[in-house]
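This is what each chain is made of:
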Amino acid sequence: MTSLSGLAQIVDEAARTATPIAQLTDSLPDLTVDDGYAIQALSVARRRGRGERRAGIKMGLTSRAKMAQVGVSEVIWGRLTDAMRLTEGAGLNRARYVHPRVEPEVAYILKRPLEGEVSAAEALAAVEAVAPAMEIIDSRYRCFKFALSDVIADNSSSSGFYVGGWAPAATDVANLGILMEVDGRPVQIGSTAAILGDPIRSLVAAARLVAKAGERLEAGDIVLAGGATAAYPLSAGQFVQTTFQSLGRLSFNVEA
Ligand code: 0L1
Ligand code: MG
């Protein structure tokens, strides 16, 4: 069997060169979720070897819309690096992705570590600030098709993220309206409540899942709580804008 580090090289190279690949489970049908997380860790270690630094984590499949879109019904996580962070208002270079999609999210930044089983109140007490965000996801698998262990190995499709202005941690983000528009046309309408009923539950799940991997959330980490709506496919020339009730607006152009 191909080694886990060999598989990490395959998914990392696919992401680095924006080249679509076959699902790992096509040739390795017994690949487990634990294997997927091990491959993910090894592939992100390769990024660190190229000088990228830890920025936090992303939670995935935290809403019914997202689970239905990809046919997977478990909350998953992936790792964010500084190189994935995109500057608000700056263009997204379409050529750097295989088949990018965007989803509206809520971001937390932590002021202290968070680890293991925590309550919502404990999670909130570790939050420095909260912000509107958009995640750019990009499965490296052909046709955006994968099994659970495939997508986890592929860093849970994480590939970029925009974060808007930070608001105080005490801001109530449990049920805020969201409107995502492309070229002035509404493409997704939703609520932050779609994120596990309240995005803070995603932070609670993040602390638990990361601890399962023997890690913890650190002060300064950004945690993307997960898409509030289904993701929307991106093509060159689009102008994407998302308005978050109370939190403000975030936008970018997709460049060829
Ligand atoms: O952020 C997400 O919810 C994506 C998780 C992976 C599934 C997908 O690529 O849509
Ligand atoms: Mg997401």
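Reference entry: report on the structure contained in this document. None of these values were measured; they are calculated from a predicted model.

### A few points about the pattern of salt bridges
- What the rule picks out here adds up to 11 salt bridges.
- A salt bridge links Arg16 to Glu13, with the nearest nitrogen and oxygen atoms 2.9 Å apart. Placement of the pair is Arg16 and Glu13 together in helix H1 (residues 4-17), with a separation of 3 residues, close to one helical turn.
- Between Lys66 and Glu103 there is a salt bridge; the shortest N-O distance is 2.7 Å. Taken as a pair, Lys66 in helix H4 (residues 64-70) and Glu103 in strand S5 (residues 101-110) lie far apart in primary sequence, 37 residues in all.
- On the basis of relative accessibility, which here comes to 4%, the residue Lys66 falls in the buried class.
- Assessed through its relative accessible area of 2%, Glu103 is described here as buried.
- A single network of salt bridges, built from pairs that share partners, joins Asp12, Arg46 and Arg50.

### Focus: the site of ligand 1
- Lys58, Leu61, Lys66, Glu103 and Ser157 are the nearest of the 14 residues found near ligand 1.
- In isolation ligand 1 has 300 Å² of accessible area, and contact with the protein removes 100% of it.
- Structurally, ligand 1 is housed in the largest cavity.
- Those elements that provide at least two residues to the shell around ligand 1 are strand S1 (54-60), H4 and strand S6 (127-137).

### Points about the packing of H1 against helix H3 (residues 33-49)
- It is the contact of H1 with H3, at a shortest axis distance of 8 Å, that shows an interaxial angle of 60°. Judged by the inter-axis angle, H1 sits oblique to H3. Considering the relative orientation of H1 and H3, their crossing is right-handed. Contact with H1, carried on its side by Leu4, Ser5, Leu7, Ala8, Gln9, Val11, Asp12, Glu13 and Ala15, involves Asp35, Ala38, Ile39, Leu42, Ser43, Arg46 and Arg47 of H3 and no other residues of that element.
- Its residues assigned to classes, the contact of H1 with H3 shows 8 nonpolar, 3 polar and 5 charged.

### Considering the coordination of the magnesium ion (ligand 2)
- Donor atoms from the polypeptide that bind the magnesium ion (ligand 2) are Glu103 (OE), Glu105 (OE) and Glu135 (OE), placed at 1.9 to 2.1 Å.
- Going along the chain, you hit the donors of the magnesium ion (ligand 2) in the pattern E-x1-E-x29-E. Highlighted residues: Glu103 in strand S5 and Glu135 in strand S6, separated in sequence by 32 residues.

### Digging into the side chain of Ser159
- You can see Ser159 is positioned in strand S7 (residues 158-163).
- Within the structure, Ser159 has its side chain in polar contact with the backbone oxygen of Ile136 (distance 2.8 Å).
- Those residues in contact with Ser159 that lie beyond four places of it in its chain are Met84, Tyr97, Ile136, Ile137, Asp138 and Arg140.

Conventions we followed
Residues numbered from 1 in each chain as written. Chains lettered and ligands numbered in written order. Predicted model: local features only at pLDDT ≥ 70, side-chain atom pairs only at ≥ 80, totals over all residues. Heavy atoms only, no water. Salt bridge = Lys/Arg side-chain N within 4 Å of Asp/Glu carboxyl O. Helix = DSSP H or I, 4+ residues; strand = E, 2+ residues; numbered from the N terminus. Buried < 20%, exposed > 50% of the residue type's maximum accessible area, 1.4 Å probe, protein only. Near = heavy atom within 4 Å. Areas by Shrake-Rupley, 256 points an atom, 1.4 Å probe, with all protein chains shown as cover. 1 Å grid on protein atoms, 1.4 Å probe; cavity = no way out; pocket = protein on both sides within 12 Å on 5 of 7 lines; lining within 4 Å. Sits in = over half its atoms within 2 Å of the grid points. Axes fitted to C-alpha atoms, helices over the stretch in contact; angles between N-to-C directions. Parallel < 35°, antiparallel > 145°, perpendicular 65-115°, else oblique. Left-handed = near helix turned anticlockwise from the far one by under 90°. Contact = heavy atoms within 4.5 Å. Nonpolar A, V, L, I, M, F, W, Y, C, P; charged D, E, K, R; others polar. Donors = N, O, S within 2.8 Å, 3.2 Å for Na, K, Ca; no water. Polar contact = N/O pair within 3.5 Å; in protein donor to acceptor, adjacent residues only side chain to side chain.

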